[in-house]
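Below, each chain spelled out in residue letters.
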Amino acid sequence: MNLFLRPVFGPLHVAQHFRLIHTDLKPPKTLITGGLGQLGTAVAARLRGKYGRESVVLTDVRKPSDEIRSEGPYAHLNVLNYDEVEEIVVNEGIDWIVHYAALLSAVAEMNVPLAMAVNMKGFENVLEIARIHNLRLFCPSTIGAFGPTSPRHETPDITIQRPRTIYGVTKVYGELLGEYYHHRYGTDFRCARYPGVISALTLPGGGTTGLLECSRDVPKALPIICS
């Protein structure tokens, strides 16, 4: 099984993919970590639209808006706390985890120790809990997992990966560890290497997406100049 899914452009491809592989009679219950970022709220909305308002537990370490609280269950969750993650999985009857909790490229470079903790130890916690409780786990990677020595044209899934950012390094680690867990334990781990992501709903939260200003100016009908 190919564990690396080529990105399907549009923020809802994770929900669409999970829907295709779900064959149980009861609706799945999904935990989304790092859920207040660009992708979490969109994926939560899609899954709730398909499986019901209570089908998703959206989590983050930040205080949500009243609007987010009104849309469905929300909980504070620190992925560095193994017991806290496992407690919510057990108490909420979680079937799937969408793991978005991470420090993105620009922010990660400003605090390398924290980036290693969140992006690596946080992922280790979620992956081990997925193994123990037989959960499906999706965790995105990034095209930043490649580096200057990777082929630039028709880049294959399996190729040279020597990233020069701590974000890329931690994502290569996650890819390899998730693949190991799949082959060693049969854990249902899925991964997609995202390019730069722009959301129509939320602003980027620490990445290096160069199209931010363009995306913000479109709804304002302002002239667009991208450098």
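Residues numbered from 1 in each chain as written. Predicted model: local features only at pLDDT ≥ 70, side-chain atom pairs only at ≥ 80, totals over all residues. Heavy atoms only, no water.

**Concerning the packing of helix H4 (residues 82–92) against helix H6 (residues 112–132)**
Part 1 of the argument: It is at 10 Å that the axes of H4 and H6 come closest, and there the two elements cross at 40°. Considering the angle they form, H4 stands oblique to H6. As for how H4 packs across H6, the hand of that crossing is right-handed. Taking contact as the criterion, the partners of Tyr82, Val85, Glu86 and Val89 in H4 are, on H6, Asn125, Val126, Glu128, Ile129 and Ile132.
Part 2 of the argument: By residue class, the composition of the contact of H4 with H6 is six nonpolar, one polar and two charged. (Axes fitted to C-alpha atoms, helices over the stretch in contact; angles between N-to-C directions. Helix = DSSP H or I, 4+ residues; strand = E, 2+ residues; numbered from the N terminus. Parallel < 35°, antiparallel > 145°, perpendicular 65-115°, else oblique. Left-handed = near helix turned anticlockwise from the far one by under 90°. Contact = heavy atoms within 4.5 Å. Nonpolar A, V, L, I, M, F, W, Y, C, P; charged D, E, K, R; others polar.)

**Points about helix H2 (residues 40–51)**
Part 1 of the argument: Taking 1.5 Å per residue, 12 residues should reach 16 Å; H2 reaches 16 Å between its end C-alpha atoms and fits that length.
Part 2 of the argument: Of all the positions in H2, only Gly40, Thr41, Ala42, Val43, Ala44, Leu47, Arg48 and Tyr51 are classed as buried.
Part 3 of the argument: Glycine 52 occupies a position one or two residues after H2 and carries a positive phi of about 110°. (Expected span 1.5 Å × (residues − 1). Buried < 20%, exposed > 50% of the residue type's maximum accessible area, 1.4 Å probe, protein only.)

**So, the packing of H6 against helix H7 (residues 166–185)**
Part 1 of the argument: For the pair H6 and H7, interaxial distance at closest approach is 10 Å and the crossing angle is 15°. With respect to their mutual orientation, H6 and H7 come out roughly parallel. Considering the relative orientation of H6 and H7, their crossing is right-handed. Contacts between H6 and H7 involve Val112, Ala115, Met116, Asn119, Met120, Phe123, Glu124, Leu127, Glu128 and Arg131 on the former and, on the latter, Ile166, Tyr167, Thr170, Tyr173, Gly174, Leu177, Gly178, Tyr181 and Tyr185.
Part 2 of the argument: Its residues placed into classes, the contact of H6 with H7 shows 12 nonpolar, four polar and three charged.

**Some remarks on the pattern of salt bridges**
Part 1 of the argument: Inspection of the entire model under this criterion finds nine salt bridges.
Part 2 of the argument: As a salt-bridge pair, aspartate 95 and lysine 26 come within 2.8 Å of each other at their nearest N and O atoms. Pair noted here: aspartate 95 is in the loop between H4 and strand E5 (96–99) and lysine 26 is in the loop between helix H1 (13–21) and strand E2 (30–33), with a separation of 69 residues, a long-range link.
Part 3 of the argument: A residue is classified by how much of its surface remains accessible, and lysine 26, at 46% relative accessible area, is partly exposed.
Part 4 of the argument: The residue arginine 62 makes a salt bridge to aspartate 60 at a minimum N-O spacing of 3.7 Å.
Part 5 of the argument: Residue classification places aspartate 60 among the buried positions, given a relative accessible area of 8%.
Part 6 of the argument: One network of salt bridges, in which partners are shared, links Arg136, Asp188 and Arg190. (Salt bridge = Lys/Arg side-chain N within 4 Å of Asp/Glu carboxyl O.)

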